[in-house]
Each structure stands twice: as C-alpha cells, then as structure tokens.
Protein chains: 2
Amino acid sequence: MSTRASKRQKMTESPYRLIYWPGMPGRGEHVRLAFEATGTPYVDVTNQTDEGIQALLTRIDKKNRGDPHNPPPFAPPVLEHGDVKISQTPNILLYLGGRLGLAPSPEDDVNGYYHVNSLTLTALDGLSNEAHDVHHPIASSLYYEDQKDEALRKAKDYREVRLPKFFEYFDRVLSSPASGGGDYLYGDKLTYADLVLFQTVDGVSYAFPKCVAKMKEGGEYEKVFALYDRVKGLDKVKAYLESDRRQKYSMGIYRHYPELDE
Amino acid sequence: MSTRASKRQKMTESPYRLIYWPGMPGRGEHVRLAFEATGTPYVDVTNQTDEGIQALLTRIDKKNRGDPHNPPPFAPPVLEHGDVKISQTPNILLYLGGRLGLAPSPEDDVNGYYHVNSLTLTALDGLSNEAHDVHHPIASSLYYEDQKDEALRKAKDYREVRLPKFFEYFDRVLSSPASGGGDYLYGDKLTYADLVLFQTVDGVSYAFPKCVAKMKEGGEYEKVFALYDRVKGLDKVKAYLESDRRQKYSMGIYRHYPELDE
C-alpha cells in the first residue's frame, strides 16, 4: 500500500471528534447537524467524554502552537479527524461536505462545490454573526446590560433591514434555476448549506420570535420557511432534535431578550 | 476530447473577471492581490471596462435569479470564469488558490488546503469585518455621524482587546511548526492567506495608524510585521502597489477617523 493510500485508510478508520463549548448549540451545532443528518458517528468531546471542557481549553490556550501539520485554532469549533485538526465552521463543513455526501465534489460539479460554500458563508454572516452582534454591538467582552442601549438601536435595524434582506436573498436563491425546483438551495439535493440555513433560521426564530412570525405571516419568504420545515422533518434530523444530544439555546449566539424583539 | 476535458480546456482560455465596487480596494482587493502577486491576467470590470458599475448593479439586482449553474450573488466581489460565477471573498480565494499556485491542493496536502482557508476566514473576520463594524456598529445603512458615540466605545475595545488578540494569534501561527520557519503562515510558502493578512494589516494600519504603530514598537508581534514587509516587498506585489491599479482607501471598510484611533 502506498503511503498516501495507507494514510487514506487510517483516516477512514479515525473517528470524527468535535470540540466546542459544552452545553450550548452555538457554532458547533452546524457541525453536529452535518453528522446527525447523515447518521455519521462522531464524538462530541466536551459534552460526551471525560475530557470535558479541558479538551477545548488546551486547544485554544495561547501556549498551543499546533504541530507540524496544524497551526493552532483561533476559536472553536475544532474538528479532529486523524491527523487533520481544523477550525472555522464553514471550513469544517467544507471538509465534511464531500465526505458525508452533503456537497458535490469540485471534480463532479465545480459550480456546486463553491456555491454550497458561498451560501453557507452568507447564512453564517447574516443570520448567525450579525444575530450575535445585535446583543453585543460594542464588545463581546462586556455584558449585554452594559451595551443594552446600543443593542436596542441595532436590533431595530436588524429586524427591519437585515433579516428581511437575508430572507429575501435565500428565497430568491430557492427560486433560481440553480436550485433545481426550490426544495433545496442548490442542485435539487440536500447540502450542508441547507442544514446551515435551517439552523440559522431556527436560531433567529428563537431570538426574535415575534419578528420572524410576522415575516412568516407576510408570505414573502415562503420558500425559506418551507425549506426550514423540510429539513426539520427529515427522519434523522427529527430524531436528533428530539434527542438529548440537541442542546438548548440560552446565553450563546442566539439569545431571547424580549425588548430586542420589538 | 471528453466533455469534461473540453470544458476544462474552455476554462483555461476564459479570462478571469472581477466585479466589485469601482474606485476602492474593499473586499475586492484580496482578489486583485491574488492575481497581481502571481502575474495572472484578469479584468477588473468596473474599473477597467465600459461596462462600469452597471456590471455590478445588474448582478446584485433583486431581479437577478442566476442561471442553471449559478444562484445569484448576495454581494460583491463576484468572480466570473467561464461558466463559473461565484461570490464571497474567501470562496473566490479558495477557487483561485490551487489554480494560481497560492495554496496546496487537497490531494497533495489535505491539512494545508483547509488551513489556508481557515487562516483566511480568521483574518477577514477579525481584521476586515470587525474593522468595518468599528465605524458602523449599529447599522451599515446609517451614516457614521449617526452612530459616532457607539463607534467611539467600540473603537476602544477594538484597539485594546480585539486587534491585540488577532495579532497575537497570527504571530503564534507564524511560530507554529506548521508555518515551517515563520516566513509564511503555512508550509514555508506564500499562500493567499499571507496576501489576506498583508492586506488586512495594511488596512488596519491605515485606519488606526497610532494604535498599530504602538503595537509595532511594543515588539510583541514581530513575526506579523515581518510577514507584512515580506509580502509588500515581493517584486510583483511591489510593482502593483506602485501602479495606478491599486485603489486608494477612502470611505470603504477601512476609514481613518482620528477620534477612533485614541
């Protein structure tokens, strides 16, 4: 067996290990959903093993200089798979996409490979990062209470301008010929971009329930809400959401402060 | 010739077309630098052709539903290369990385392929997106003057907490064994992540000159500043920076408001 083939063999046998803050969905949830939706075995290290949060703290410690193949991660989630130790949510999903059948390979569909990545980046930007910044517009290192006035102002813009802008965009993507019918974002097939859109819509629905309910009633973004329901109803996703492996929202990216929801 | 081979042939002949807001570096600059640093011919459509800004406006118009292989872009930059029409800066760089010799292929170095993407995402998050949010902490749709009080608060945190955090991280990456000596971020070779770090450090140096000068004097981030100088001194980069193709900073992502620079 060549070195490369033997390395590939080893990777196939290596377990997928996700390392993220325990007890919250957060950005780690996108990685969990990729595993859960495909029935892929994985270890949720800080939630399910004795290593606990220590596994995370050693990896993001300033003393960590990585190894000859892996620079240290900036922040979790971290995915470890054999000798591959990578971070950044969209980067981890890119790695898993082809391996779990959640994205076309660049050889089979060059357009699709990059569009699934792009749609993921856009959903994470607008419906995860910005949703977080609404309750922390000044500094992540300060309490919400110490930036509440600013948060109230930012929330208004997020509800009135940004959320509609991103929902309009994804509705348009679902009516693009590239969607292939509007059931999924790209190529008429479930990809990790659909899982990310599901999870981010779920998150903003938790944080801004009144606002999202109003957007749903308005009927302008029917395709987005239909995709949300479609993904939520997939057998494996449904079983996961009902399991105790699904963490509850609390004080992470998505927070429900009624005053920020008009 | 097979269909795939013939398609590949066509792509090789297709020009690279970059579509971005004219007259400013912005996020398009990362794409320009990839072309310029490798001497790759490209068309900067809005700056160099009669299509002008109209080329951009039609692509981000809400009427644009894309085509059978390409959903519409959310925002510029857009890269068009034959039938491939993609957006999102890190996604475009991922596409160009292997093609321009600015990143390893996943077949040759799976770790490297994903780490170059990850380092790029981190630099863009912390030294581009956050740098923008400093002067627009409440809403992109409002003037700076209408969110100046909030910007002053956010700028303090950015200068004291966030900038040092990202510089410390990249300095540590450059001292990781994965860097291979500290000349470049990964594998002892120039990648697009180095170009992105160069450009983002250049941007924050324009926006926060006093703060960055102090960080340089402090001597804590020597490897980051050395990388900046190294990239800036590369023959092709140097020639580009001195050319009139390099756009000037003004009212884009990086803005110099002296009051935000302590």
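What counts and how
- All residue numbers refer to positions counted from 1 along the written sequence of the respective chain.
- A letter from A marks each chain and a number from 1 marks each ligand, given out in the order of writing.
- Given that this is a predicted model, residues contribute local features only at a pLDDT of at least 70 and side-chain atom pairs are listed and counted only at 80 or more, while totals for whole chains, interfaces and linings are drawn from all residues.
- Excluded from the side-chain calculations are hydrogens and water; all other atoms, namely the structure's heavy atoms, are used.
- UniProt positions are given in the numbering used here, feature names are shortened, and annotations may be inferred rather than shown by experiment.
- In DSSP terms, a helix is any run of H or I states spanning at least four residues, a strand is any run of E spanning at least two, and both are numbered starting from the N terminus.
- We place the copies in one frame by least squares, fitting the C-alpha atoms of every residue whose pLDDT is at least 70 in both.
- It only takes one pair of heavy atoms within 4.5 Å for two residues to be counted as in contact.
- Whether two strands pair depends on DSSP finding at least two bridges between them.
- Note on geometry: axes are lines fitted to C-alpha atoms, helical ones only across the stretch in contact, with angles between N-to-C directions running from 0 to 180 degrees.
- These descriptions rest on fixed angle ranges, namely under 35 degrees for roughly parallel, over 145 for roughly antiparallel, 65 to 115 for roughly perpendicular, and the rest for oblique.
- For any helix crossing, the convention is left-handed if the near helix is rotated counterclockwise from the far helix by under a right angle, and right-handed if that rotation is clockwise.
- Basically, the charged four are Asp, Glu, Lys and Arg, the nonpolar ten are Ala, Val, Leu, Ile, Met, Phe, Trp, Tyr, Cys and Pro, and anything else, Gly included, counts as polar.
- Relative accessibility under 20% of the residue-type maximum defines a buried residue, over 50% an exposed one, and the middle range a partly exposed one, all with a 1.4 Å probe and only protein chains included.
- Residues scored as charged are limited to Lys and Arg (positive) and Asp and Glu (negative), so that His and the chain ends carry no count.
- Here, a salt bridge means any Lys or Arg side-chain nitrogen found within 4 Å of an Asp or Glu carboxyl oxygen.
- We define a polar contact as two N or O atoms separated by no more than 3.5 Å, with the added condition that, inside protein, one atom must be a possible hydrogen donor and the other a possible acceptor, whereas residues neighbouring each other in sequence contribute only through side-chain atom pairs.
- Pairs were defined over the aromatic rings of Phe, Tyr and Trp, the Trp ring being its six-membered one, requiring ring centres within 6.5 Å. Orientation was assigned from the angle between planes: stacked under 30 degrees, edge-to-face over 60, tilted for the rest.
- What the arc covers is the set of directions going from the helix axis to the C-beta atoms.

**Q** Would you mind going over the UniProt feature "domain: GST C-terminal" (unreviewed entry) in chain A with me for this structure?
**A** In this numbering, the UniProt entry assigns the feature "domain: GST C-terminal" (unreviewed entry) to residues 109-260 of chain A. The straight-line gap between the two end C-alpha atoms of residues 109-260 of chain A is 42 Å; of that span, 64% is helix and 0% is strand.

**Q** Explain the relation of the copies chain B and chain A to me, please; I cannot follow it from the model alone.
**A** Think of it as a corkscrew move, a rotation about one axis and a shift along it, taking one chain copy to the other. Superposing chain B onto chain A takes a rotation of 180° combined with a translation of 0.0 Å along the rotation axis, leaving an RMSD of 0.0 Å. Both chain copies can therefore be described as sitting about a two-fold axis. The C-alpha atom lying nearest the rotation axis in chain B is that of B:Pro137; the distance is 3.0 Å. The overlap is high: 100% of the interface residues of chain B also sit at the interface in chain A, so the same surface is used on both sides.

**Q** Where do I start with the sheet that holds strand β3 (residues 78-81) of chain B in this structure?
**A** The strands making up a sheet associate through hydrogen bonds between their backbones, and the pairing can be parallel or antiparallel. Residues and elements named next belong to chain B. Within the open sheet, the four strands sit side by side as β2-β1-β3-β4. Their pairing is mixed. Of all strands in the sheet, those bounded by a partner on one side alone are β2 (42-44) and β4 (84-87). Each strand axis lies, on average, 20° off the axis of its neighbour in the sheet, ignoring direction. In this sheet, β4 lies alongside β3 in antiparallel orientation, the contact comprising four bridges. For Leu-79, the partnering residue across the bridge sits in β4 and is Ile-86.

**Q** Just checking my understanding: could you explain the packing of helix α2 (residues 28-37) of chain A against helix α5 (residues 89-99) of chain A for this structure?
**A** Helices that pack against each other are described as a pair by the angle of their axes relative to one another and the distance between those axes. Residue and element names in this part refer to chain A. Taken N-terminus to C-terminus, the directions of α2 and α5 make an angle of 15°; their axes are 9 Å apart at the nearest point. The orientation of α2 with respect to α5, classified from their angle, is roughly parallel. For the pair α2 and α5, the sense of crossing is right-handed. Of the residues in α5, those touching α2 at His-30, Val-31, Ala-34 and Phe-35 are Thr-89, Ile-92, Leu-93 and Leu-96. Counted by class, the contact of α2 with α5 contains six nonpolar, two polar and no charged residues.

**Q** Teacher, can you tell me more about the UniProt feature "domain: GST N-terminal" (unreviewed entry) in chain A here?
**A** Taking the numbering used here, the UniProt-annotated feature "domain: GST N-terminal" (unreviewed entry) corresponds to residues 15-104 of chain A. Secondary structure content for residues 15-104 of chain A is 36% helix and 17% strand, while the C-alpha to C-alpha distance between its ends is 22 Å.

**Q** Sorry, what's going on with the side chain of B:Asp157 here?
**A** Here B:Asp157 lies in helix α7 (residues 148-174). Put simply, B:Asp157 is tucked away with no salt bridge, and the nearest opposite charge, on B:Arg162, sits 5.2 Å away. A polar atom in the side chain of B:Asp157 sits 3.1 Å from the side chain of A:Ser141. If near-sequence neighbours (up to four positions away) are discounted, B:Asp157 is found in contact with A:Ile138, A:Ala139, A:Ser141 and B:Arg162.

**Q** Got a minute to help me understand the packing of aromatic side chains in this structure?
**A** Two numbers describe a pair of aromatic rings. These are the distance of the centres and the angle of the planes. According to the stated counting rule, one finds 28 aromatic pairs over all chains in the structure shown. With a centroid separation of 5.0 Å and 25° between ring planes, the pair formed by A:Phe198 and A:Tyr228 is classed as stacked. Placement of the pair is A:Phe198 in helix α8 (residues 192-207) and A:Tyr228 in helix α10 (residues 222-232), with a sequence separation of 30 residues. Taking the centre distance of 4.9 Å and the plane angle of 90° together, the rings of B:Tyr113 and B:Tyr114 count as edge-to-face.

**Q** Could you clarify how one ought to interpret the interface of chain B and chain A in this entry?
**A** Interface size is commonly expressed as the accessible surface area that is lost when the partners come together. Contact residues are listed per partner, giving 61 residues for chain B and 61 residues for chain A. Taken together, the connections running from chain B to chain A amount to two salt bridges. Between A:Glu150 and B:Arg153 there is a salt bridge whose closest N-O contact spans 2.8 Å. Across the chain B-chain A interface, the total number found is 43 residue pairs in polar contact (both at pLDDT 80 or more). Where the side of chain B that touches chain A is concerned, the elements lending two or more residues are α1 (3-13), β4, α5 (89-99), α6 (110-135) and α7 of chain B. For the side of chain B that touches chain A, the element with the most residues is α6(B), which contributes 11 residues. The residue inventory of the side of chain B that touches chain A, partitioned by class, reads 24 nonpolar, 16 polar and 21 charged.

**Q** I'm lost on the pattern of salt bridges in this one. Help?
**A** Two side chains bearing opposite charge may form a pair once their charged atoms approach each other closely. All names here are of chain B. Tallying each qualifying case throughout the model produces 36 salt bridges over all chains. For Arg-17, the salt bridge goes to Glu-80, with nearest N and O atoms at 3.9 Å. Of this pair, Arg-17 sits in strand β1 (residues 16-19) while Glu-80 sits in strand β3, placing them 63 residues apart in sequence.

**Q** In this structure, what is going on with the environment of B:Arg99? I would like to understand it.
**A** Along the polypeptide, B:Arg99 turns up in helix α5. What B:Arg99 contacts, discounting residues up to four positions off in sequence, is A:Val110, A:Tyr114 and B:Tyr16. Within the structure, B:Arg99 has its side chain in polar contact with the backbone oxygen of B:Tyr95 (distance 2.8 Å).

**Q** Which parts of the structure should I look at to understand helix α9 (residues 209-218) of chain A?
**A** Residue pairs three or four apart in sequence face the same way in an α-helix, which turns once every 3.6 residues. Residues and elements named next belong to chain A. Of the residues making up α9, those classed as buried are Cys-211, Val-212 and Met-215. Projected onto a plane normal to the axis of α9, the buried residues spread over an arc of 95° and lie on a single side. Away from its buried face, by an angle of more than 90 degrees, α9 presents the exposed residues Lys-210, Lys-214 and Glu-217. Structurally, α9 contributes buried residues whose contacts are with α7 (148-174), α8 and α10.

**Q** What is the right way to read the side chain of B:Ser179 from this model?
**A** Tracing the chain through its elements places B:Ser179 in the loop between α7 and α8 (192-207). Setting aside chain neighbours within four positions, we find B:Ser179 in contact with B:Val173, B:Leu174, B:Tyr184, B:Leu185, B:Tyr186, B:Gly187 and B:Asp188.

**Q** Where do I start with α10(A) in this structure?
**A** All names here are of chain A. For α10, every residue scored as buried is listed here: Val-224, Phe-225, Leu-227, Tyr-228 and Val-231. End-on view of α10: buried residues confined to an arc of 155°, all on one side of the axis. For α10, the elements touching its buried residues are α7, α8, α9 and α11 (235-242).

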